[in-house]
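# Structural overview for review
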Amino acid sequence: MSKRTLCITEKLYDYMVDVSLRDSDLLRQLREETAKDEMAQMQISPEQGQFMTLLIHLIKARKTIEIGVYTGYSALCTAMALPDDGKLIACDISKKWTTIAKRYWEKAGVDHKIDLRLAPAVDTLGELLASGQESTFDFIFIDADKTEYNHYYEMGLKLLRTGGLIAVDNVLWDGAVADKSVHDEDTEAIRTFNKKVHADPRVEISLVPIADGLTLARKI
Ligand code: SAM
Ligand code: CA
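Residues numbered from 1 in each chain as written. Chains lettered and ligands numbered in written order. Predicted model: local features only at pLDDT ≥ 70, side-chain atom pairs only at ≥ 80, totals over all residues. Heavy atoms only, no water.

## Regarding the pairing of strand β5 (residues 160–169)
Convention followed: Buried residues are those whose accessible area, probed at 1.4 Å on protein chains only, stays under 20% of the maximum for their type, while exposed residues exceed 50% and partly exposed ones sit between those limits. The helix count covers DSSP runs of H or I at least four residues long, the strand count covers runs of E at least two residues long, and both are numbered beginning at the N terminus. Two strands qualify as a pair provided that DSSP identifies no fewer than 2 bridges between them.
Among the 10 residues of β5, eight are classified as buried, and the element is accordingly described as predominantly covered. In terms of strand pairing, strand β4 (residues 137–142) meets β5 through five bridges, oriented parallel. Bridge assignment links F141 to a residue of β5, and that residue is A167. Note that β5 and strand β7 (residues 214–219) share five bridges and pair antiparallel. For V168, the partnering residue across the bridge sits in β7 and is T215.

Here is the structure:
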């Protein structure tokens, strides 16, 4: 019996991707274009994109939110997994990065499912709540500024239906969360968030050690 998650070496990672990643030309092209950007490490990995696609299919999500779009890779995976009348409210503050995103959403023929809101995500989530959309969303992906994770989670939980899923990215923060000598704002915010979710009776959880750590929280 295995009692811990494997340490994934480069060699094992390549093997894993080799035997499990189902790629498409468009996803690969977006990854390649994003790789030229100096912030390219912000994009989720291809196997995480595939995992999120599977989750969205499993819960038959139709109405979704993404907090943190960047060049649109995770949003593209989400939108492609949604039915034709599905919706993704995509929150970001960067016109430059989301211009790249929009180009790929159009190429993939999923742009009609995506409502991009260029504003601080807290404002957009507030508007959704104010317009009576509480408890109507099936899936929410949190991947923006780490110091606001607690706000996104609390507002997200209100917007989520019972049985809906919140996925929170970077909860292992490249290992810094377990390093007692690290005390920067982002690391502390993620630590506080992880502790809180661990004890939160409103959700059923699993911290999945894929990529940089993805916490799944299902609203009870
Ligand atoms: N999910 C994306 C992907 O996989 O390609 C990566 C998102 S990146 C880690 C974080 C994004 O959050 C950036 O594009 C940034 O502009 C956006 N962001 C930062 N602060 C924000 C805020 N207050 N409201 C909305 N978006 C914000
Ligand atoms: Ca991320």
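## Digging into the site of ligand 1
The criterion, for reference: A cutoff of 4 Å decides nearness: a residue is near a molecule or strand if any of its heavy atoms lies inside that distance of it. Two N or O atoms count as a polar contact when they lie within 3.5 Å, although within protein this holds only if one can serve as hydrogen donor and the other as acceptor, and sequence-adjacent residues are included solely when both atoms are side-chain atoms. Shrake-Rupley sampling with a 1.4 Å probe provides the accessible areas, and residues are treated as covered by the protein chains on show and by no other component. Only Asp, Glu, Lys and Arg are considered charged in this grouping, and only Ala, Val, Leu, Ile, Met, Phe, Trp, Tyr, Cys and Pro are considered nonpolar; every other residue, Gly among them, is considered polar.
In the vicinity of ligand 1 there are 21 residues, among which G68, S74, D92, A121 and D143 approach most closely. A distance of 3.0 Å is found between an oxygen atom of ligand 1 and a backbone nitrogen or oxygen belonging to I44. One of the backbone nitrogen or oxygen atoms of Y70 is found 3.1 Å away from an oxygen atom of ligand 1. For ligand 1, whose free accessible area comes to 610 Å², the fraction covered by protein is 90%. Secondary structure elements with two or more residues in the shell around ligand 1: α4 (73–81) and β2 (87–92). In the shell around ligand 1, the residues fall into 14 nonpolar, four polar and three charged.

## A word on the coordination of the calcium ion (ligand 2)
Formally: Donor atoms (N, O, S) are those found within 2.8 Å of the metal centre, with the cutoff raised to 3.2 Å for Na, K and Ca; water is not part of the atom list, so apparent gaps in a site can occur.
Protein coordination of the calcium ion (ligand 2) is provided by D143 (OD), D143 (OD), D169 (OD) and N170 (OD1), with donor distances spanning 2.3 to 2.8 Å. Counting gaps between the donor residues of the calcium ion (ligand 2) yields the pattern D-x25-D-N. On the accessibility criterion, D169 (3% relative accessible area) is buried.

## Regarding the nonpolar core
Applied cut-off: Joining through side-chain atoms within 4.5 Å is the link that ties buried Ala, Val, Leu, Ile, Met, Phe, Trp, Tyr and Cys residues into a set, and such a set is a nonpolar core. Should any heavy atoms of two residues lie within 4.5 Å, those residues are considered in contact.
L76, W105, I114, F139, F141, L214 and L216 are the most contacted members of the largest nonpolar core, which totals 32 residues. Mapped onto this core, the elements with two or more residues apiece are α2 (25–35), α3 (46–58), α4, β2, α5 (95–108), β4, β5 and β7. No other element matches the six residues that α4 contributes to this core. I114 has contacts with A75, A79, L88, A90 and W105, leaving out every residue within four places of it along the chain. One finds A121, F137, Y153 and V171 within the second-largest nonpolar core, a separate group that totals 25 residues.

## With respect to the packing of aromatic side chains
When we look at a pair of aromatic rings, we describe it by the centre distance and by the angle of the planes. Condition: Think of it this way: a Phe, Tyr or Trp ring, Trp meaning its six-membered ring, pairs with another when their centres are within 6.5 Å, and the plane angle makes it stacked under 30 degrees, edge-to-face over 60, tilted otherwise. Either the NZ atom of lysine or the CZ atom of arginine qualifies as a charge over a ring when it sits within 6 Å of the ring centre and within 35 degrees of the ring normal.
Going through the model one piece at a time under the given rule, you end up with three aromatic pairs. Residues Y70 and W97 carry aromatic rings whose centres are separated by 4.9 Å and whose planes lie at 80° to one another, so their mutual orientation is edge-to-face. A residue pair is termed long-range when its members are at least 10 positions apart, and Y70 in the loop between β1 (63–67) and α4 and W97 in helix α5 qualify at 27 residues. On the basis of relative accessibility, which here comes to 6%, the residue Y70 falls in the buried class. Centre to centre, the rings of Y149 and F193 are 5.7 Å apart; their planes meet at 75°, and the pair counts as edge-to-face. Note that Y149 is positioned in helix α7 (residues 149–159) and F193 in helix α8 (residues 185–198), a separation of 44 residues in sequence. Looking at F193, the relative accessible area reads 3%, which means it is buried. In textbook terms, an aromatic cluster arises when at least three aromatic residues are bridged by ring pairs, as seen for Y149, Y153 and F193. Sitting over the face of the ring of F137, K63 holds its NZ or CZ atom 4.3 Å from the ring centroid. Here the basic side chain of K107 rests over the ring of Y104, its NZ or CZ set 4.8 Å away from the ring centre.

## Regarding the layout of surface pockets
The line we're drawing: Put simply, the grid is 1 Å and covers the protein atoms alone, a cavity is a trapped set of points that fit a 1.4 Å probe, a pocket is an open set with protein on both sides within 12 Å along at least five of seven lines, and lining residues have an atom within 4 Å of a point. Grid points are joined across faces, edges and corners, and a volume is the space filled by probe spheres set on the points.
Quantified by volume, the largest pocket comes out at close to 740 Å³. Around the largest pocket, the lining is made up of 35 residues, and of these M42, D143, A144, K146 and N170 lie nearest the centre. Among the elements of the structure, α3, α4, β2 and α6 (121–130) are those that each provide at least two residues to the lining of the largest pocket. Considered class by class, the residues forming the lining of the largest pocket number 18 nonpolar, nine polar and eight charged. Counted by class, the lining of the second largest pocket contains 10 nonpolar, two polar and three charged residues.

Function cannot be read off these values alone, since they describe shape.
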